Amino acid sequence: MSLFGLKFGKKKLKEEERQLQANNRDFNLQFEYANNSIKTSKYNFFTFLPLNLFEQFQRIANAYFLFLLILQLIPQISSLAWFTTVVPLVLVLAVSGVKDAIDDFVRYEFLTFTLNFPCRLKEQKWMNVQVGDIIKLENNNFVTADLLLLSSSEPHSLTYIETAELDGETNLKVKQASWECSIDDNFLDQDFHFCFYLLFTGEVRCEAPNNKLDKFTGTLTLRGEKYALDNEKMLLRGCTIRNTEWCFGLVIYAGPDTKLMQNSGKTTFKRTSIDRLMNVLIFAFLGLMCLILAIGNGIWEHDKGYYFQVYLPWAEGVNSASYSGFLMFWSYVIILNTVVPISLYVSVEIIRLGNSFYIDWDRKMYYPLNDTPAQARTTTLNEELGQIRYIFSDKTGTLTQNIMCFNKCSINGKSYGMLCFSYSLGFHTEKVDFSYNPLADPKFAFYDRSLVEAVRLNDVPAHRFFRLLSLCHTVMPEEKKEGNLVYQAQSPDEGALVTAARNFGFVFRARTPETITVVEMGETKIYKLLAILDFNNVRKRMSVIVRSPEGDLTLYCKGADTILYELLHPSCNSLKEETTEHLNEFAGEGLRTLVVAYKSLEEDYFQDWIRRHHEASTALEGREEKLSELYEEIEKDLMLLGATAIEDKLQDGVPQTIETLAKANIKIWVLTGDKQETAMNIGYSCNLLNDDMEDVFVIEGSTSDDPGSAAIATSLHPLCQARSCCELALNTSSPPWQAYALEGNLELELVRTACMCKVVICCRVTPLQKAQVVELVKKYKKAVTLAIGDGANDVSMIKTAHIGVGISGQEGMQAVLSSDFSFAQFRYLQRLLLVHGRWSYIRMCKFLKYFFYKNFAFTLVHFWYGFFSGFSAQTVYDEWFITLYNLVYTSLPVLGMSLFDQDVDDRWSMLFPQLYVPGQQNLYFNKVVFVKCMLQGIYSSLILFFIPYGAMYNTVRSDGKAIADYQSFALMAQTCLLIVVSVQIGLDTSYWTVVNQFFIWGSLSVYFAITFTMYSDGMYLIFTASFPFIGTARNTLSQPNVWLAIFLSIALCVLPVVGFRFLKAQLKPTPSDKVRRNYLIKPEILLSMAWARWGAALHRLGSAWSVSPGAAIHLSPAPPRRRIEFGVWHGSNHLQLGPRLRLFRCGLDCSEAGKLHYF
């Protein structure tokens, strides 16, 4: 039974195992498997209104205003007209409802298009597909059920898929049908396949539905034989068929049972710290005021009201002073609700949306090479960008480019490969010419000829090394033109290694389920592929077992050095030491390393092993454990071949970005799966680590009792207390120690020690441990955190942090899809934080301070009036003024300030990262600032009440008529209020625009226009009950003494603020005050900074252009001018450095001294 989309009825039993038969719906229906109909839209025509309202009133603000509306409908409590709450509430609900309806309709349209797509020759729609059906898919079709691939139009039943919806990766992946199900390549006609699969009667037993995208365990029983099924034979919902004309598949999971739908959990709602603080402070202050006034009413009614009932009788049902006070409490909740008006929440959302658009429109964060702009994927976290204290960054693809290049290698104890340039030795190495190899990749670059000579001289270890690289991988080749090979690799590392083997004469040419074709030094060889021992995060290695054309059985293995070294034969010890030296050299240059090894197998042993392997692979229970034991058994006594070193270059601007963020007091932690040496050298190259750091601590261990683990609690913590300039490297290469450090008793000591360091680098961490590290800092430091990454392995870290940033790089879009903000390069992070984040935080803080001030000043006038009205909950202002105050009169000026204000521009924000520090300390809006706003509001409300009260007391007009009435007092008080808050926002505005001017003056003009219109005779005659203030405006505002009192109120409210701000700027200036005073007013200080910066730039310039030690750069100081330009002279050659350091490179003669010339 379904009611408003909610399911009721008998609870379905938990599924332990799935059993199905192909083309047998009667058999499959008995298990009541879910069909393929999925409902992702939340509403329909009948349920939209109740469900949407139910969702909206779950928000605290909407529920609060609904509660106020209910109170206003109670006659004994209500003191305001119902429309003062209904109008803004209906407006907000309507706007949100329309937005929700549009979003839901878009989801419905997409789902309708997908589920109505034809999927088989019988022209069934996707929604009618059931478990056990065999269906046909065509090129570019979406896969909307989890299928077992049976065959395809491609040779060897290969199918190319795009998995962007699953893991965000846009590179094509290859799936291959089990040979037991597929048809011979000689029968590629699709009609023949269709007829064949109409009679297909295989039975599948597999695991119950789960959310593990990378795992599938099952067996296929066909013609009495049992065959293993794994994830490589599955097409999951969310994939798209690419480069494949057609394919056939058997439905295993449908609808909500598919792995994609099993992963569609709810996203955690992230709220800013300002939101949380705002709710607590506002409602606490409101409750306190209402309580005071309610107590005052009870006392007044007890002392005076009880005896005054002849003239002012109590309301019906009120029989005691205490009960009257109770009712007045709720009456004042209605009147004083302007402390937290609904326009506050609307304005906050508009400000956040506007600041999000600034990020989207920022051309300085646009990356033209792949046409990628910055994107704010959420609009609720902008001001949090201005409060970041910890950044957790991935390394590969985030700090580096993730474009791998085979740079160096070690073969049989000899190191090969060198850099292109060597300034110290003074020579330039030419690229190796691979023209002798017609299948070489022309883009591949290598600079060591000795390795090519070794290969061409038939060096056995070199041949065996590159043969391993050409065989041990999961790469799929495409050759659409003869000799034009394109490799589809699931990781850039694998692609780089296979490309290297290709250029050195071992060309991986083709792959089938049973064979691998390699062209070795011009000779084509076909190896039989007998087994693939997959890579995973625990094994950290991959192996293949092949049989050569000569009949030799060989296991080839590649993996992490820490793992493979434990599996080597004792005879490799000497070679192991030499290779370790080379690995340390490679890691010292920031290269990514792998160790490669092999093992010759005996025929009898292998036949016994492969039999046990088949039994383990067809087991439904404990399959992974059984296979892991078999892998461990055969991967022993390996013979070491050498090691590979792959270069992953830093992205542009990474060192400068990290240096700038460090000056902003932001601590950066790098969480990487690389080895310690590689990570630390990348740390030095990107300015994370520098020579000024006195100590670099390395913690490693394998158990909780290891010295490395104990060092956290004993030696490191006291040392870090004494010295703040240190770096901590956590080497968690041993899985048990990771658990002890992150989850055991050491977690607090780990956080305390690490947070005292400037830089923390965690090596050998898994994706889960990245998230655990972030969670630890959130738990113990209570600081705002940001996680940035580019791959699917960074998603958990991105979701755990307060703010997640995704980089659209080489590892797909999964990180971007899970992030709050995204862009293409790491260097844009400094602009996101120091400019947009800082501006958003300052604007939001200014908005809140001003908004609370103007509403305290507005609302507290009611509070003081209560002492003169017997605490009767009578309002001071006209009801229409109360309604329009926040919606019309004061809404646009504060929005103008909150959307356009800047204390300093973007260039100064980047030049002085220290301006970011106040946001980290939350100095611009906290409890103290809130109390100051409250005190200013109390002071202003006293002035705004008692000055008009005194001016009106026993006052007459110039013609002798009295104006000392309630309506004249209310008009004068509200006019004073509006002018005062308008002057106040002028004082708060740092950056004036035409928009600000128009909003402020326009709001005042609108106020007087509406006031004179509503208080006119005509409006009274048309709507007598709604506009009772007839003639009040023209009678009151025409009196000089009224304007004199208004001017006095403005002066008394504003002058103390001006005086306080002047003294504060002189005695205790903010960082922004110091920058504006010292650098905008005194340009000679900026000039001296420019000399230092540009001198460093010229030093780097000289290094980049190989300036000889004899060359000199002379800085000639000159008086500051408005426009500053610089030039470098080298003999007759001149380099001009304009205001933006534009460099025009000429041919330099480095033998002559250089001079920096001012002109």
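Residues numbered from 1 in each chain as written. Predicted model: local features only at pLDDT ≥ 70, side-chain atom pairs only at ≥ 80, totals over all residues. Heavy atoms only, no water.

A.B. asks: Which residues make up the overall build of the chain, and what values do they have?
C.D. replies: If you tally the helices and strands in the chain, you get 38 helices and 38 strands. Counting the 1159 residues in the chain, one finds 54% classified as buried. Within the chain, contacts between residues separated by at least 24 positions form 73% of all contacts whose residues are at least 6 apart in sequence. Total accessible area on the chain stands at roughly 53200 Å², and carbon and sulfur atoms take up 58% of it. (Helix = DSSP H or I, 4+ residues; strand = E, 2+ residues; numbered from the N terminus. Buried < 20%, exposed > 50% of the residue type's maximum accessible area, 1.4 Å probe, protein only. Contact = heavy atoms within 4.5 Å. Areas by Shrake-Rupley, 256 points an atom, 1.4 Å probe, with all protein chains shown as cover.)

A.B. asks: Residues and numbers for the sheet that holds strand E3 (residues 17-21), please.
C.D. replies: Spatial ordering of the open sheet is given by E3-E8-E9-E10, a layout of 4 strands whose pairing is antiparallel. This sheet does not close on itself; its edge strands, each paired only once, are E3 and strand E10 (225-229). Each strand of the sheet is rotated relative to its neighbour by a mean of 20°, with strand direction disregarded. (Pairing = 2+ DSSP bridges. Axes fitted to C-alpha atoms, helices over the stretch in contact; angles between N-to-C directions.)

A.B. asks: So, the confidence of the model for the chain: which residues are in play, and what are the values?
C.D. replies: Low pLDDT means the predicted atomic positions in that stretch should not be read closely. Counting all residues, the mean pLDDT for the chain is 78, and 76% of those residues have values of 70 or more. Per-element confidence in the chain ranges from a low mean pLDDT of 34 for strand E38 (residues 1154-1158) to a high of 95 for helix H12 (residues 460-471). Contacts from residues 732-739, a stretch scored under 50 in pLDDT, to residues over four places away or in other chains number 23 contacts. The low-confidence segment residues 1096-1159, where pLDDT is below 50, has 107 contacts with residues more than four positions distant or belonging to other chains. (pLDDT = per-residue confidence, 0-100.)

A.B. asks: Report on the packing of helix H32 (residues 966-988) against helix H36 (residues 1040-1067), specifying residues and quantitative values.
C.D. replies: Remark: H32 packs on H36, axes separated minimally by 9 Å, with the N-to-C direction vectors making an angle of 30°. With respect to H36, the element H32 is oriented roughly parallel. The two elements H32 and H36 cross, and the hand of that crossing is right-handed. Contacts from Met972, Thr975, Cys976, Ile979, Val980, Val983, Gln984, Leu987 and Asp988 of H32 reach H36 at Val1042, Trp1043, Ala1045, Ile1046, Ser1049, Ile1050, Cys1053, Val1054, Val1057, Val1058 and Arg1061. For the contact of H32 with H36, the residue count by class is 15 nonpolar, 3 polar and 2 charged. (Parallel < 35°, antiparallel > 145°, perpendicular 65-115°, else oblique. Left-handed = near helix turned anticlockwise from the far one by under 90°. Nonpolar A, V, L, I, M, F, W, Y, C, P; charged D, E, K, R; others polar.)

A.B. asks: Would you mind going over the UniProt feature "active site" (unreviewed entry) in the chain in detail, with residue names and values included?
C.D. replies: The UniProt record annotates "active site" (unreviewed entry) at Asp394. Within the element layout of this structure, Asp394 appears in the loop between strand E15 (388-393) and strand E16 (400-411). Not counting chain neighbours up to four residues away, the residues in contact with Asp394 comprise Leu399, Leu671, Lys770, Ile788, Gly789, Asp790, Asp794 and Met797. Of note is the side chain of Asp394, whose polar atom sits 3.2 Å from the side chain of Lys770. (UniProt positions renumbered as here; feature names shortened; annotations may be inferred. Polar contact = N/O pair within 3.5 Å; in protein donor to acceptor, adjacent residues only side chain to side chain.)

A.B. asks: Give me the lowdown on the nonpolar core, citing residues and values where you can.
C.D. replies: In this structure, Tyr332, Phe847, Tyr877 and Leu977 are the most contacted members of the largest nonpolar core, which totals 97 residues. Among the elements that line this core, the one with the most residues is helix H26 (residues 828-866), at 18 residues. Excluding residues that lie within four positions of it along the chain, Phe847 makes contacts with Leu344, Ser347, Val348, Ile351, Val894, Met897 and Ser898. (Core = buried A, V, L, I, M, F, W, Y, C linked by side-chain atoms within 4.5 Å.)

A.B. asks: An account of the side chain of Asp901 is needed here, citing residue identities and associated values.
C.D. replies: Here Asp901 shows up in the loop between helix H28 (891-900) and helix H29 (906-911). By relative accessible area, which is 4% here, Asp901 ends up buried. Within the structure, Asp901 has its side chain in polar contact with the backbone nitrogen of Ser990 (distance 2.8 Å). At 3.0 Å, the side chain of Asp901 forms a polar contact with the backbone nitrogen of Tyr991. In this view, Asp901 contacts Arg843, Lys846, Gly896, Asp988, Thr989, Ser990 and Tyr991; residues no more than four positions away in its chain are not counted.

A.B. asks: Which residues make up a negative patch on the surface, and what values go with them?
C.D. replies: A surface patch of like charges, here negative, comprises Asp214, Glu624, Glu625 and Glu629. Here Glu625 lies in helix H17 (residues 623-634). (Patch = residues over 30% accessible without salt bridge, like charges linked within 9 Å, V, L, I, M, F, W, Y side chains within 5 Å. Salt bridge = Lys/Arg side-chain N within 4 Å of Asp/Glu carboxyl O. Lys, Arg positive; Asp, Glu negative; His and termini not counted. Charge placed at Lys NZ, Arg CZ, Asp CG, Glu CD.)

A.B. asks: Tell me about the packing of aromatic side chains, and name the residues and values.
C.D. replies: Overall, the coordinates contain 52 aromatic pairs when judged by the stated rule. Seen in terms of ring centroids, Phe31 and Tyr33 are 5.4 Å apart; in terms of plane orientation they differ by 15°. Their pairing is stacked. The class for Tyr33 is buried, based on a relative accessible area of 14%. Taken together, the ring pairs in this structure connect Phe858, Tyr877, Phe881, Tyr885, Tyr889, Tyr1007, Phe1008 and Trp1043 into an aromatic cluster. Between the NZ or CZ atom of Arg18 and the centre of the ring of Tyr33, over which it lies, the distance is 4.0 Å. (Phe/Tyr/Trp six-rings, centres within 6.5 Å; stacked < 30°, edge-to-face > 60°. Lys NZ or Arg CZ within 6 Å of the ring centre and 35° of its normal.)

A.B. asks: Give me the environment of Glu154: which residues, what numbers.
C.D. replies: Checked against the element boundaries, Glu154 lands in the loop between strand E5 (146-152) and strand E6 (158-163). Here Glu154 falls in the partly exposed class, since its relative accessible area comes to 22%. Remark: the alpha-carbon pair of Glu154 and Cys247, spanning 93 residues in sequence, is separated by 8.6 Å. If near-sequence neighbours (up to four positions away) are discounted, Glu154 is found in contact with Asn243, Thr244 and Glu245.

A.B. asks: Explain the pairing of strand E8 (residues 203-207) to me, using residue names and the numbers behind them.
C.D. replies: Note that E3 and E8 share 5 bridges and pair antiparallel. When the sheet's bridge partners are listed, Leu20 is paired in E8 with Val204. Inspection of the sheet shows E8 paired to strand E9 (residues 218-222) by 4 bridges, in the antiparallel sense. Counted as the bridge partner of Val204 is Leu220 from E9.

A.B. asks: Just give me the short version of the sheet that holds strand E13 (residues 246-253), but keep the residues and values in it.
C.D. replies: If you trace the 4 strands from one edge of the open sheet to the other, you get E4-E13-E5-E11, paired in antiparallel fashion. Taken across any chain shown, the strands that pair with only one partner, and hence form the sheet edges, are strand E4 (134-138) and strand E11 (234-235). Where E5 lies against E11, 2 bridges are found, and the strand directions are antiparallel. What sits directly across from Leu148, in E11, is Met234.

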